Amino acid sequence: MESKIEVKSWNPALEKEILRKWESTAEEEDIYKFSIISQKPAFVIDTPPPYPSGRPWHIGAAAHYAQIDMLARTARMLGYNVMFPIGIDRNGLPVEIYTEKKYKVRMRKMDREKFLDLCRTALDDLESEMILIMKSIGLSCNFKGYYRTDSDEFRSLTQSTFIDLWKRGLVYLATRPNNYCPDCGTTIADAEIIYEDIPTKLVYMNFKVKETSDKLIIASTRPELLFACQSVIVNPEDERYIKLHGKHVEIPIFNRDVEIIPHHLAKPEFGSGVVMVCSYGDQNDVQIFRELGLKEIVAINENGITTAAAGPYSNLRLNQARTKIIENLNRHGLLEKEEDIMHRTPLCERSKTPIEIIPLQDYYVKQLEYIPQLKELAEKIKFYPQMHKQILFNWLDSISIDWPVSRRRFYGTEIPIWYCNNCQTPNLPEGTVYKYYRPWKEKPPFEKCIKCGSNEFTGEDRIFDTWMDSSITPLFITKYKKDHKFYSYSYPTKIRPQAKDIIRTWLYYTMLRCFQITGQLAWSNAWIMGYGVDEKGEKMSKSKGNVIDPFPIIHQYGADAFRFWSASEGNLGHDFRCSEHRIASSKNFLSKLWNIGRFLSSFDILLESPGQLFATDKWIIAELSKLIEECKKGYDDFNFFIPSNAIREFTWNLFAAHYIEMVKGRAYNKEDEFGHKSAIFTLHKCMSTILLLLAPICPFITEELWTKIYSVKSIHLQQIPQLPQENYLELSKHTGSITEFNSMVWNKKKETISKETGKPLSLKDPIEIAVPAELEQFKKDLQAMHNLK
Ligand SMILES: [Zn+2]
Ligand SMILES: [Zn+2]
């Protein structure tokens, strides 16, 4: 082994050298390699493919990936054959929006192929930057085989699995009132909607009961949909309106009559308790139209503009129509009052635009009939932490329609359908061939219509919802349909690590799709991390200006400090606060660790026990055993909060502060041969164990110290340490007395003024203090440590 480590302090530049070393190893020597002929049990991680959304990459996201890497490293050190793939998610709307902004173009106003090229170029830039960052934070994933969700290979798997579902009758076309974002110009699924309380006006309007000519006041947040009103409801229990059941009201301005119908969805306490039902103000309207068989009036087109049905208010943006209708009501004395309220409004998750509900023709993948089975399967998934399982169950309970999967966008996987020009029948390719289809620009891979035999076709120009792609990552990484041997070894995968906010989308859709295709769960474990929030506990957002860019921080303090902070900051599943100050203090811990390693590297290496140890040495090994147990608890639960804090506490506050000081004398004194060996052995036992325990969290510093002091072989090929065979646990009962005694002596020296120097005693100065009887067995070490007389 080498002699004393020369580098005086731990610095991030060393990480770059270690990274180069790992990267330059040949594939067969790759310490992070996954092999399907391994004797070890497989541990396949369904890594979330990150979305290259532009800088700054959220510090919370960087922390998320750092922890997924800890998961992989822990599994390796627990004896698994780990597959840790990495892909980049490159499909979907944000790419299009980013590209439009970056190149100042409009998607629908330019050549489709040219637009797609621009998207690809924009993505390539973002992606290469992202990969650099992922490498620099020490991810041990398979960069050599990284994939892209917009590659022909990935998209062809999306298409081929869709064709399989089609053949089994799990896909259908339907015209339904659907969530629609006028800004994004596309249908969106329930899962892509967020709800926010937004200030709006509740408008009270005068209607007239036709049969009695009585005034009837109706309050609505959507007066602009007045012309699409097809009924008015009152709660059946609401005594004020019982006499109106079955009568009619005249719609103001539009002078049309609709029936007053008792329905439980009318809330007596909201507005006047009378509710107008329009196509479509919200999901309640959709339900009432369906239940009562009302005739739909298409109020808004796909650009968010009122249709001809609006009469004099047609061809207007919704807010324009609203203003005009309210003005007109007012002019005719039909406006009773306006009230400011906060209204829970459904918004498009991407563009934050209020969504509209309009009838559109879309493809649907059946999901409702799978819910009972998915609930049973969900019971079988182990969630880390358990508490987040409820998010999945709540979502499963709330799903009310099948999954609309067609999108009127460009940058995504094309729906592989050609329509017969003669009979309009959709024709699909055979799903067995591993080929990527682009029907909007390619000829179909077949000659004749399956129904009428005609040979003229028009290709579908819509694409899939991006969750159709991302929901099959477990199939893609295990080479489904490509390599049967590989697939049968690695699927179902072991674990899905992901963020809390995409349980109802990514986690749910993956469960659904993989179950539909394979009849099995995609994974048996789900590991769910919380959000990174700012120092005050608030969500970071560009608009608040509190987003922290992780790169300068990683550059300054190093990846290990960043990783250690991420692990030690919050319990698994909880939100964690991001602050530079806390990352800096993690760096201090690593410096301490480096100093200890450097100090120990100046002694001989003794890894075999020299026999019966000194009491002080047995005592620290007892404490070390407790540390191992604590860390194992955390590692078994993939909760890095537990080991990181336990390791810091032990290393800094017990091992360095007390034990090393107590045995320094024996470590230096080679004359007392046995005392020396006992101390040296124990020092190295503790240090090597600390390094092994810390390796999944801080892969760089542990690798450097390990290979400098203990072995030429990487620490990442080692196992999480087992408990020492010798059981000294009984001695840990003295820990409190030892640390208290030491502190007492240190304080005494500080308080005592030396007669010679006139200053407080230094730590080396002799002092007259008796060692208490309880600590008799540690007496010699304590006397030497404090120079006691
Ligand atoms: Zn939108
Ligand atoms: Zn045909």
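Our subject in this report is the structure included herewith. Keep in mind the model is a prediction, meaning the values are calculated, not measured.

Comments concerning the overall build of the protein
What the protein contains, in helices and strands, is 22 helices and 25 strands. Once the C-alpha set of the protein is aligned to its principal axes, its extents read approximately 110 × 65 × 50 Å. When burial is assessed residue by residue, the protein has 56% of its 789 residues classed as buried. Intrachain contacts of the protein at a sequence separation of at least 6 include 76% that bridge at least 24 residues. Averaging the positions of the 103 positive and the 102 negative side-chain charges in the protein gives two centres separated by 2 Å.

Let's talk about the sheet that holds strand 15 (residues 382-384)
The strands making up a sheet are joined through hydrogen bonds of the backbone, oriented either antiparallel or parallel. What the 3 strands build is an open sheet, ordered 15-23-22; its pairing is parallel. The sheet is open, and its two edges are formed by strand 15 and strand 22 (493-499), each paired on a single side. Strand after strand, the sheet turns through a mean of 20° between neighbouring axes, direction not considered. Bridging between strand 22 and strand 23 (residues 523-529) involves 6 bridges; their strand directions are parallel. Within the sheet, the bridge partner assigned to Thr493 lies in strand 23 and is Trp523. Contacting strand 15, strand 22 and strand 23, helix 13 (residues 503-518) runs over the sheet at an angle of about 160° to strand 22.

Structural notes on helix 3 (residues 93-103)
Residues of helix 3 that are buried: Leu93, Val95, Glu96, Thr99 and Glu100. Buried residues in helix 3, looked at end-on, bunch into an arc of 160°, giving them a common side. In the stretch just after helix 3, Lys104 is the one whose phi turns positive, near 50°.

Observations regarding helix 21 (residues 735-751)
For helix 21, which comprises 17 residues, the first-to-last C-alpha distance of 24 Å matches the rise-based estimate of 24 Å (1.5 Å per residue) to within 8%. Among the residues making up helix 21, those that are buried are Thr735, Ser737, Ile738, Thr739, Phe741, Asn742, Val745 and Lys749. Buried-residue contacts for helix 21 involve helix 17 (615-636), helix 18 (641-668) and helix 22 (779-786).

Considerations on the coordination of the zinc ion (ligand 1)
The coordination sphere of the zinc ion (ligand 1), as far as protein atoms go, consists of Cys181 (SG), Cys184 (SG), Cys348 (SG) and Ser351 (OG), spread over 2.1 to 2.3 Å. Considered as a linear motif, the donors of the zinc ion (ligand 1) on their single chain read C-x2-C-x163-C-x2-S. Placement of Cys184 in the loop between strand 5 (171-181) and strand 6 (186-187) and of Cys348 in strand 13 (residues 335-348) is noted, with a sequence separation of 164 residues between them. In this structure, Cys184 and Cys348 share a single accessibility class: buried.

Considerations on the packing of aromatic side chains
Following the criterion strictly, the structure yields 41 aromatic pairs and no others. Seen in terms of ring centroids, Trp10 and Trp594 are 5.5 Å apart; in terms of plane orientation they differ by 40°. Their pairing is tilted. With Trp10 in the segment before helix 1 (13-24) and Trp594 in helix 16 (residues 580-600), this pair connects stretches of sequence that are 584 residues apart. The same class applies to Trp10 as to Trp594, namely buried.

Let's talk about the side chain of Ser454
One can find Ser454 in the loop between strand 19 (426-427) and strand 20 (457-459). There is a polar contact of 3.3 Å between the side chain of Ser454 and the backbone nitrogen of Glu456. Look past the residues within four positions of Ser454 in its chain and what remains in contact with it is Cys420, Asn422, Glu447, Lys448 and Cys449.

Thoughts on the coordination of the zinc ion (ligand 2)
Those protein atoms acting as donors to the zinc ion (ligand 2) are Cys420 (SG), Cys423 (SG), Cys449 (SG) and Cys452 (SG), and they sit at 2.2 to 2.3 Å. In this structure, the zinc ion (ligand 2) is coordinated by 4 donor atoms arranged in tetrahedral fashion, with angles at the metal of 101 to 115°. Given the relative accessible area of 25%, Cys423 is considered partly exposed.

Quick notes on the nonpolar core
Membership of the largest hydrophobic core comes to 122 residues, with the highest contact counts inside it found for Trp527, Phe562 and Phe655. Apart from the residues within four sequence positions on either side, Phe655 is in contact with Ile596, Ile620, Phe650, Ile660, Leu683, Cys686, Met687 and Ile690. The next biggest cluster of nonpolar side chains, apart from the first, holds 59 residues, and it includes Phe383, Leu428, Tyr487 and Cys514.

Digging into the pairing of strand 11 (residues 257-262)
Taken together, the 3 bridges between strand 9 (residues 229-234) and strand 11 define a ladder with parallel strand orientation. Bridging from a neighbouring strand, Val234 pairs with Pro262 of strand 11. Taken together, the 3 bridges between strand 10 (residues 248-250) and strand 11 define a ladder with antiparallel strand orientation. Across the sheet, Glu250 pairs through a bridge with Asp257, a residue of strand 11. The turn joining strand 10 and strand 11, which pair antiparallel and follow one another in sequence, is formed by 6 residues; a positive phi near 65° is taken by Ile253.

What counts, and at which threshold
Residues numbered from 1 in each chain as written. Chains lettered and ligands numbered in written order. Predicted model: local features only at pLDDT ≥ 70, side-chain atom pairs only at ≥ 80, totals over all residues. Heavy atoms only, no water. Helix = DSSP H or I, 4+ residues; strand = E, 2+ residues; numbered from the N terminus. Buried < 20%, exposed > 50% of the residue type's maximum accessible area, 1.4 Å probe, protein only. Contact = heavy atoms within 4.5 Å. Lys, Arg positive; Asp, Glu negative; His and termini not counted. Charge placed at Lys NZ, Arg CZ, Asp CG, Glu CD. Pairing = 2+ DSSP bridges. Axes fitted to C-alpha atoms, helices over the stretch in contact; angles between N-to-C directions. Arc of directions from axis to C-beta. Expected span 1.5 Å × (residues − 1). Donors = N, O, S within 2.8 Å, 3.2 Å for Na, K, Ca; no water. Phe/Tyr/Trp six-rings, centres within 6.5 Å; stacked < 30°, edge-to-face > 60°. Polar contact = N/O pair within 3.5 Å; in protein donor to acceptor, adjacent residues only side chain to side chain. Tetrahedral: all angles 85-135°; square planar, octahedral: opposite > 155°, others 65-115°. Core = buried A, V, L, I, M, F, W, Y, C linked by side-chain atoms within 4.5 Å.

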